[in-house]
Amino acid sequence: MPARTLRRGSNTVIALVVLAILLFPLYWMLNIALQPGESLASTSWFPTSPGWSNFERALDSQGGSLVTSLVVALGAVVVCLAMAAPAAYGLAQLGLRGGRSIVFGTLITQMVPGIVIANALYSAYVDLHLVNSLPGLILADASLGLPFSIVLLRAFMVSIPKEIVEAAMVDGANRFTAFVRIVLPISRNSLITAGLFTFLFAWSDFMFALTLNTTDDVKPITLSMYEYIGAHVSDWGAVMATAVVSAVPAAILLILAQKYVAAGITGGSVK
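Residues numbered from 1 in each chain as written. Predicted model: local features only at pLDDT ≥ 70, side-chain atom pairs only at ≥ 80, totals over all residues. Heavy atoms only, no water.

Undergrad: I tried to follow the overall build of the chain on my own but got confused; where do I start?
TA: Counting its regular elements, the chain contains 12 helices and zero strands. Listed N to C, the secondary structure of the chain is α-α-α-α-α-α-α-α-α-α-α-α in terms of helices and strands. In the chain, once contacts between residues fewer than 6 apart in sequence are set aside, the share between residues at least 24 apart is 72%. Accessible area for the chain stands at about 15,400 Å²; split by element, carbon and sulfur atoms hold 69% of it. (Helix = DSSP H or I, 4+ residues; strand = E, 2+ residues; numbered from the N terminus. Contact = heavy atoms within 4.5 Å. Areas by Shrake-Rupley, 256 points an atom, 1.4 Å probe, with all protein chains shown as cover.)

Here's what the structure looks like:
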């Protein structure tokens, strides 16, 4: 057998072993969720008699929080893209003075600890009456994806030939119309990529959900799961079912947007 074939075979085996190790926690979570009435110590390796009672309890107790997280995450995507796209276009195409410094400062904001931002936002939110509100949480979660979205969209928009925008303006379009009708459609893959990551940031946010909410009026799934685990620490079937249910929306979005993410991340690498 050629050495090249052996090397490919060994690489495939290693990749499968690594993949199995990475996916095992997900499998074990689903396995426990499908075995109603079992303690954690007596859980079998395979769900020989799977049931859906854990999922029914999870949906009954966490359904409202799932809807809240969905509204917050989608709202954060809309707000983030509405701010990031014009900012990225200005940095990429308008030749703003100090543009590189602005991009560098945008990247630096990613290094600020979340708890520092959350505490600062809480003081401002109290004055603005945004504590315990959906708009407040949407704005806070939008800030999580804003720096990444600006950098990603700018990297793609830099590669858009200025002649395309200039041709649209010669035909009678103003700068804003050219941005909306020309630049945004061309940047579709990058917009989808930025929106997806913003959704994931907002969906998994716990710091803002815990800091900016002092009542149960607005309770995202991350905060609800945290409280649910504390109250049902011995009922791991229901806890794991809740975790599975909360992971489904993000997993569906990742699968549907996979090709757009690959194109969006690499789109700005070739000019």
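Undergrad: Is there a simple way to explain helix α8 (residues 188-203) in this structure?
TA: Owing to its 3.6 residues per turn, the α-helix aligns residues three or four sequence positions apart on the same side. Compared with an ideal rise of 1.5 Å per residue, which puts 16 residues at 22 Å, α8 spans 22 Å between its outermost C-alpha atoms and is within 8% of the ideal. Regarding α8, the residues found buried are S190, L191, T193, A194, G195, L196, T198, F199, A202 and W203. (Expected span 1.5 Å × (residues − 1). Buried < 20%, exposed > 50% of the residue type's maximum accessible area, 1.4 Å probe, protein only.)

Undergrad: What should I look at first to understand the environment of T106 in this one?
TA: Looking at the secondary structure, you find T106 in helix α3 (residues 99-108). Here the alpha-carbon distance between T106 and V151, two residues 45 residues apart in the chain, equals 7.8 Å.

Undergrad: Can you walk me through the UniProt feature "transmembrane region" (unreviewed entry) in the chain in this structure?
TA: With numbering aligned to this structure, UniProt lists the feature "transmembrane region" (unreviewed entry) at residues 65-89, 101-125, 137-157, 178-203 and 236-257. Structurally, residues 65-89 comprises 100% helix and 0% strand, and the distance from its first C-alpha atom to its last is 36 Å. In residues 101-125, the share of helix is 80% and the share of strand is 0%. The end C-alpha atoms are 29 Å apart. (UniProt positions renumbered as here; feature names shortened; annotations may be inferred.)

Undergrad: How should I be thinking about α3 in this particular structure?
TA: Of all the residues in α3, the buried ones are G99, V103 and T106. For α3, the arc enclosing every buried residue in end-on projection is 55°, short of the 170-degree limit, so these residues lie on one face. Exposed residues lying more than 90 degrees from the buried face of α3 are R100, S101 and F104. Each element contacted by the buried residues of α3 is listed here: α2 (53-93) and α5 (134-157). (Arc of directions from axis to C-beta.)

Undergrad: What am I meant to see in a nonpolar patch on the surface here?
TA: On the surface, V112, I115, V116, I117 and M207 cluster together into a nonpolar patch covering about 360 Å² of accessible area. Sort the elements by how many residues they give to the nonpolar patch and helix α4 (residues 114-128) lands first, with three residues. Checked against the element boundaries, V116 lands in helix α4. A relative accessible area of 46% means that V116 is categorised as partly exposed. (Patch = residues over 30% accessible without salt bridge, like charges linked within 9 Å, V, L, I, M, F, W, Y side chains within 5 Å. Salt bridge = Lys/Arg side-chain N within 4 Å of Asp/Glu carboxyl O.)

Undergrad: Whenever I open this one, the packing of aromatic side chains confuses me. Can you help?
TA: Ring pairs (aromatic) are described by centroid distance and by the angle formed between their planes. Tallying each qualifying case throughout the model produces eight aromatic pairs. Relative to F197, the ring of F148 lies with its centre 5.0 Å away and its plane at 50°, an arrangement referred to as tilted. With F148 in helix α5 and F197 in helix α8, the pair connects residues that are 49 residues apart, well separated along the chain. Aromatic rings pair up to connect F24, Y27 and W28 into one cluster. (Phe/Tyr/Trp six-rings, centres within 6.5 Å; stacked < 30°, edge-to-face > 60°.)

Undergrad: Explanation requested: the nonpolar core in the structure shown.
TA: Grouped burial of nonpolar side chains is what soluble globular proteins tend to show. Counting 42 residues, the largest nonpolar core has F55, L153, M157, V183 and W203 as its most contacted members. Elements with a minimum of two residues in this core: α1 (3-33), α2, α5, α6 (162-170), α7 (175-186), α8, α10 (221-231) and α11 (236-256). It is α2 that contributes the most residues to this core, 13 residues altogether. Apart from the residues lying within four places of it in its own chain, the contact partners of F55 are L30, A33, L34, A241, V244 and V245. Formed by 11 residues, the second largest nonpolar core is a distinct cluster that contains V72, A118, V131 and A140. (Core = buried A, V, L, I, M, F, W, Y, C linked by side-chain atoms within 4.5 Å.)

Undergrad: I tried to follow the packing of α6 against α7 on my own but got confused; where do I start?
TA: How two helices pack is summed up by the angle between their axes together with the distance between the axes. Running from N to C, α6 and α7 point in directions that differ by 135°, and their axes come no closer than 9 Å. Overall, the two elements α6 and α7 adopt an arrangement that is oblique. Crossing geometry of α6 relative to α7 is assigned as right-handed. Counting all contacts with α6, which are made through I164, V165, A168 and M169, the residues of α7 involved are R175, A178, I182, V183 and I186. Residues belonging to the contact of α6 with α7 are distributed by class as follows: eight nonpolar, no polar and one charged. (Axes fitted to C-alpha atoms, helices over the stretch in contact; angles between N-to-C directions. Parallel < 35°, antiparallel > 145°, perpendicular 65-115°, else oblique. Left-handed = near helix turned anticlockwise from the far one by under 90°. Nonpolar A, V, L, I, M, F, W, Y, C, P; charged D, E, K, R; others polar.)

Undergrad: How do you make sense of unusual backbone geometry when you look at a structure like this?
TA: Glycine aside, negative phi is the norm for most residues, and most peptide bonds take the trans geometry. The residue H129 is not glycine, and still its phi comes out positive at about 60°. Among the structural elements, H129 can be located in the loop between α4 and α5. Judged by its relative accessible area of 70%, H129 is exposed. Phi angles above zero are rare outside glycine, and N132 is one such case at about 60°. Structurally, N132 is set in the loop between α4 and α5.

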